[in-house]
Amino acid sequence: FWVGISIGGLSSFYSELMKGLGAGGRLWELIDRKPELPFNEGIMLNQDAFKGALEFKNIQFAYPTRPETLIFQDFTLSIPAGSVMALVGPSGSGKSTVVSLLLRLYDPISGVVTVDGVDIRQLNPLWFRTKIGTVSQEPILFSCSIAENIAYGAENPSAVTMEEIEKVAEIANAFSFIQNFPKGFDTLVGEKGVLLSGGQKQRIAIARALLKVSLALDAENEFLVQEALDRLMEGRTVLIIAHRLSTIQNANSVAVLDQGRIVECGKHETLLANPNGLFSKLMKKQSFIQNTGDQFREHFPYR
Ligand code: ADP
Ligand code: MG
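Let us look at the structure shown here. Here the structure is a predicted model, which means the values were calculated and not measured.

With that settled, the discussion passes to the overall build of the chain. Looking only at helices and strands, the chain features 13 helices and nine strands. Of all 303 residues assigned to the chain, the portion counted as buried reaches 53%. In the chain, 66% of the contacts between residues at least 6 apart in sequence involve partners at least 24 apart. Of the roughly 13,800 Å² of accessible surface on the chain, a fraction of 52% belongs to carbon and sulfur atoms.

Strand order in the open sheet made by the four strands is β2-β1-β4-β5, with antiparallel pairing throughout. Among the strands making up the open sheet, the edge pair consists of β2 (70–79) and β5 (118–119). Relative to β5, strand β4 (residues 110–115) is paired through two bridges, and the arrangement is antiparallel. The partner of Val115 across the bridge, within β5, is Val118.

All of the buried residues along helix α6 (residues 162–171) are Ile165, Val168 and Ala169. One side of α6 holds all its buried residues, which, seen down the axis, span an arc of 105°. Looking at α6, the residues exposed on the side facing more than 90 degrees away from the buried face are Glu163 and Lys167. As for α6, its buried residues are in contact with α5 (146–151), α7 (175–179) and α8 (198–210). Count one or two residues on from α6 and you reach Asn173, which has phi positive near 60°.

Taken as a whole and assessed by the stated rule, the structure comprises two salt bridges. Here Arg121 makes a salt bridge to Asp119, at a shortest N to O gap of 3.1 Å. The buried category is assigned to Asp119, whose relative accessible area is 14%.

The residue Asn58 is not glycine, and still its phi comes out positive at about 45°. Tracing the sequence through the fold places Asn58 in strand β1 (residues 54–62).

A full pass over the atoms with the stated rule returns nine aromatic pairs. Ring geometry for Phe142 and Tyr152: centres 4.8 Å apart, planes at 75°, overall edge-to-face. With a gap of 10 residues between them, Phe142 in the loop between α4 (125–130) and α5 and Tyr152 in the loop between α5 and α6 connect regions that are remote in the sequence. By relative accessible area, which is 12% here, Phe142 ends up buried. Each ring, one from Phe177 and one from Phe181, has its centre 6.1 Å from the other, and the planes form 90°; the classification is edge-to-face. For Phe177, a relative accessible area of 13% gives the class buried. The class for Phe181 is buried, based on a relative accessible area of 16%. An aromatic cluster is built from Phe56, Phe72 and Phe75, whose rings are joined through pairwise contacts.

The next thing to look at is the pairing of strand β9 (residues 261–266). Here strand β8 (residues 253–258) runs beside β9; their pairing, made up of five bridges, is antiparallel. When the bridges of β9 are listed, Val254 appears paired with Gly266. Linkage of β8 to β9, two consecutive antiparallel strands, is achieved through a turn of two residues, within which Gln259 is found at a positive phi near 45°.

Parameters and conventions
Per chain, the residues get numbers from 1 upward, laid out in the order the sequence is written. By the order in which they are written, chains take letters starting at A while ligands take numbers starting at 1. The predicted nature of this model means local features are confined to residues of pLDDT at least 70 and side-chain atom pairs, given and counted, to a pLDDT of 80 or more, with totals for whole chains, interfaces and linings taken over all residues. Side-chain descriptors were evaluated using all non-hydrogen atoms of the structure, hydrogens and water having been removed beforehand. Under the DSSP-based scheme used, a helix requires at least four consecutive residues in state H or I and a strand at least two consecutive residues in state E, with every element numbered from the N terminus. The buried label goes to any residue with under 20% of its type's maximum accessible area, the exposed label to any with over 50%, and the partly exposed label to all in between, with areas taken from a 1.4 Å probe on protein chains only. Contacts between residues were defined by any pair of non-hydrogen atoms, one from each residue, lying within 4.5 Å. We get accessible surface area from the Shrake-Rupley algorithm with a probe of 1.4 Å; when it comes to residues, only the shown protein chains can shield them. In this description, strands pair whenever DSSP reports at least two bridges between them. The arc in question is formed by the directions pointing from the helix axis toward the C-beta atoms. Salt-bridge detection follows one rule: a side-chain nitrogen of Lys or Arg within 4 Å of a carboxyl oxygen of Asp or Glu. Aromatic pairs are defined between Phe, Tyr and Trp rings, using the six-membered ring for Trp, whenever the two ring centres lie within 6.5 Å; interplanar angles under 30 degrees are classed as stacked, those over 60 as edge-to-face, and all others as tilted.

Don't take any of this as a statement about function, it's just geometry.
Below you can see the structure in the form of structure tokens.
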């Protein structure tokens, strides 16, 4: 079947990217970015050889609106293929900007972002975006059936089988609530459809992301779906903007960002062993406020 929206059409592409960044209402970011990418140019990496090793090398970056303010002066970060890295840091430290550079909402002034050693500017943007899964706080669902919403994640949505859809729904812990709707996977969502809870939307978004090879995951309220995320991350290269302890503990490594620099990087336990480190300080704040959403926001406001 066909999903009923233009896959790879600019508007859907960008609205999803913006949602992926959790950038609700920040449309100006989009307006202010460089002229459109040459969507159908560039190389596609060999599917079988694709590993997903991710590197940011000596990145210098300033937003076009504030060229005098360097967000990154010499930012370097390397995420081995198949590993999960949690990126943590105070508000304004540059976490979302890292994701923007990966998604090519912006390109660096100097330095490169590479995937399997290839500069992402050389890659076909349409192909590349199918390799990036994003799960955001408020996933975007379209006014069509649940099955179609999930299939939209695939490179070729019309080729996705019902079996595959059910499988990813199961992994995303969405299967049972979907089955409980009278029309199951044919249930319409959106304006004319059923009202879904935030958690249910998120699970559908995860099922959708499962149909891709995820490189980046900006899962700002990942606690809703920790178990599904664990499964989603298996065998994939994942960069999570992490706020929650459980996600951070489960990551292969944690990179701590402060004012555009990685100030600490290592395993969760290793970083905690340094009581004067920024990570320990952030974690202290967090455990203090763990179960109180509002205070949590004060220290880690969603941006
Ligand atoms: P974080 O996600 O860690 O909170 P951001 O990447 O959003 O940090 O922001 C890093 C810095 O870049 C902040 O100083 C922020 O004010 C600035 N910034 C973020 N987005 C923009 C933008 N679109 N234009 C100009 N400055 C921005
Ligand atoms: Mg942010």
